[in-house]
Amino acid sequence: MTTHILFAAKSERWPEYEAPLRAALDAEGLDYVLSCEMDAELVDYIIYAPNSGLSDFSVFPRLKAVMNLWAGVEDVVGNKTLTVPLTRMVDEEGLTQGMVEWVTGHVMRHHLGMDAHIVNPERIWDDTPPPLAKDRKVTVLGLGALGTACAGMLAQIGFAVTGWSRSDKEIADVICEHGDEGLARALSGAEIVVLLLPNTPATEDVINAERLALMAKGSVIINPGRGPLIDDAALLAALDSGQIGHATLDVFRVEPLPADHLFWAHPKVTVTPHIASTTRPDSAARVIAQNIRRAETGTPLLHLVDRSAGY
Ligand code: NDP
């Protein structure tokens, strides 16, 4: 039987995704109709992104699953009209690789102290060499698809990496912590902390004044996770006191970050505009097509969201 797939994202996404999705669905051998507009009665699967204008999933009587185009699901996970399985984007080749490259680059910037040499108007000849990675404690909060890959790369470079997640984990060359006491251990003395947690009620303000105080004096926060992970006022106070030496922030409570926000002008903050990584149409289309084929052949879906945990 023909599978009907509705692409529900901002209209400008359709031209980017249509050809990759058709190629991937063809490669999976599916008999399908794919469109960005479709009679609700017919829809079997929805490829979804927020801001599509779609918020009521109850109008799709045949709906079998919703495939979120992005990794984060905070905009859809609590939708009461969504009663079918929800998957999210996990794509090693595109999204994960992009995040590994971005995180590694920003960790290396701070590890090597590059800023002091890039902008050196006083022409100071400070020949202090940076330490080796093995002497730098880096902590990654969140050991999911992205956190595990980033922690693994940082460990491969040689950093002393600790990671933290909800459940207990084992990752080669990474000290894995979980739970509240584990978080305190992971942050204590950390010099570079990378946030790769999802935005859920349990992770809001996970980086607060008390936890910032556990980190090494002058340490660095890198946040490509989500804005609400950080208590912004506590971070600004810690930057001003010197407890935190720098914050590289890719995500914010309000995006785009308002032009008058203190982060833009703060000398110890680097703002990047939510570009740490992104879903890449070619590889993401293959992940989605593979999951639709799995659903159609009765194979368990990959990358299912745990609705009760919120990620
Ligand atoms: P995953 O769901 O694979 O991983 C989430 C990790 O966070 C897991 O290790 C999970 O623990 C841990 N976690 C969740 N809740 C808690 C908690 N309460 N306490 C401790 N640990 C917790 O997500 P991804 O790795 O794919 O993505 C992470 C986030 O990155 C996304 O949710 C999104 O917000 C952000 N992102 C940002 C992008 C950007 O461009 N800036 C691009 C893509 C994603 P456990 O393993 O035990 O379940």
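The structure under discussion appears in the preceding block.
What you see is a predicted model, and the numbers here were worked out from it, not measured in a lab. (Residues numbered from 1 in each chain as written. Predicted model: local features only at pLDDT ≥ 70, side-chain atom pairs only at ≥ 80, totals over all residues. Heavy atoms only, no water.)

**Describing the sheet that holds strand S3 (residues 45–48)**
Here we have 5 strands laid out as an open sheet, ordered S2-S1-S3-S4-S5, and parallel in their pairing. What marks the edges here is a single partner per strand, and that holds for strand S2 (32–35) and strand S5 (86–87). Relative to S3, strand S1 (residues 3–8) runs parallel, the two sharing 4 bridges. Bridge pairing in S3 links Leu 6 to Ile 46. Across the sheet, helix H1 (residues 13–27) lies against S1, S2 and S3, angled at about 170 degrees from S2, the strand it touches most. Helix H9 (residues 281–296) contacts S1, S3, strand S4 (65–68) and S5 of the sheet and is inclined by roughly 160 degrees relative to S3. (Pairing = 2+ DSSP bridges. Helix = DSSP H or I, 4+ residues; strand = E, 2+ residues; numbered from the N terminus. Contact = heavy atoms within 4.5 Å. Axes fitted to C-alpha atoms, helices over the stretch in contact; angles between N-to-C directions.)

**Considering the packing of aromatic side chains**
Taken as a whole and judged by the stated rule, the model has 4 aromatic pairs. When the centroid spacing of 5.4 Å and the interplanar angle of 45 degrees are considered together, the rings of Phe 7 and Trp 14 count as tilted. Take Trp 14: its relative accessible area is 15%, and that puts it in the buried class. (Phe/Tyr/Trp six-rings, centres within 6.5 Å; stacked < 30°, edge-to-face > 60°. Buried < 20%, exposed > 50% of the residue type's maximum accessible area, 1.4 Å probe, protein only.)

**Observations regarding the site of the ligand**
Residues in contact with the ligand amount to 30 residues; listed here are only the nearest, Arg 88, Ser 167, Lys 169, Ser 277 and Tyr 311. Note that a nitrogen atom of the ligand is positioned 3.0 Å from one of the backbone N or O atoms of Arg 166. Within the backbone of Pro 224, a nitrogen or oxygen atom sits 2.9 Å from a nitrogen atom of the ligand. Within the complex, the protein chains bury 91% of what would otherwise be the 930 Å² of accessible surface of the ligand. At the level of secondary structure, the elements contributing two or more residues to the shell around the ligand comprise helix H2 (92–112), helix H4 (145–157) and strand S7 (160–165). Here the shell around the ligand is built from residues that sort into 15 nonpolar, 10 polar and 5 charged. (Near = heavy atom within 4 Å. Polar contact = N/O pair within 3.5 Å; in protein donor to acceptor, adjacent residues only side chain to side chain. Areas by Shrake-Rupley, 256 points an atom, 1.4 Å probe, with all protein chains shown as cover. Nonpolar A, V, L, I, M, F, W, Y, C, P; charged D, E, K, R; others polar.)

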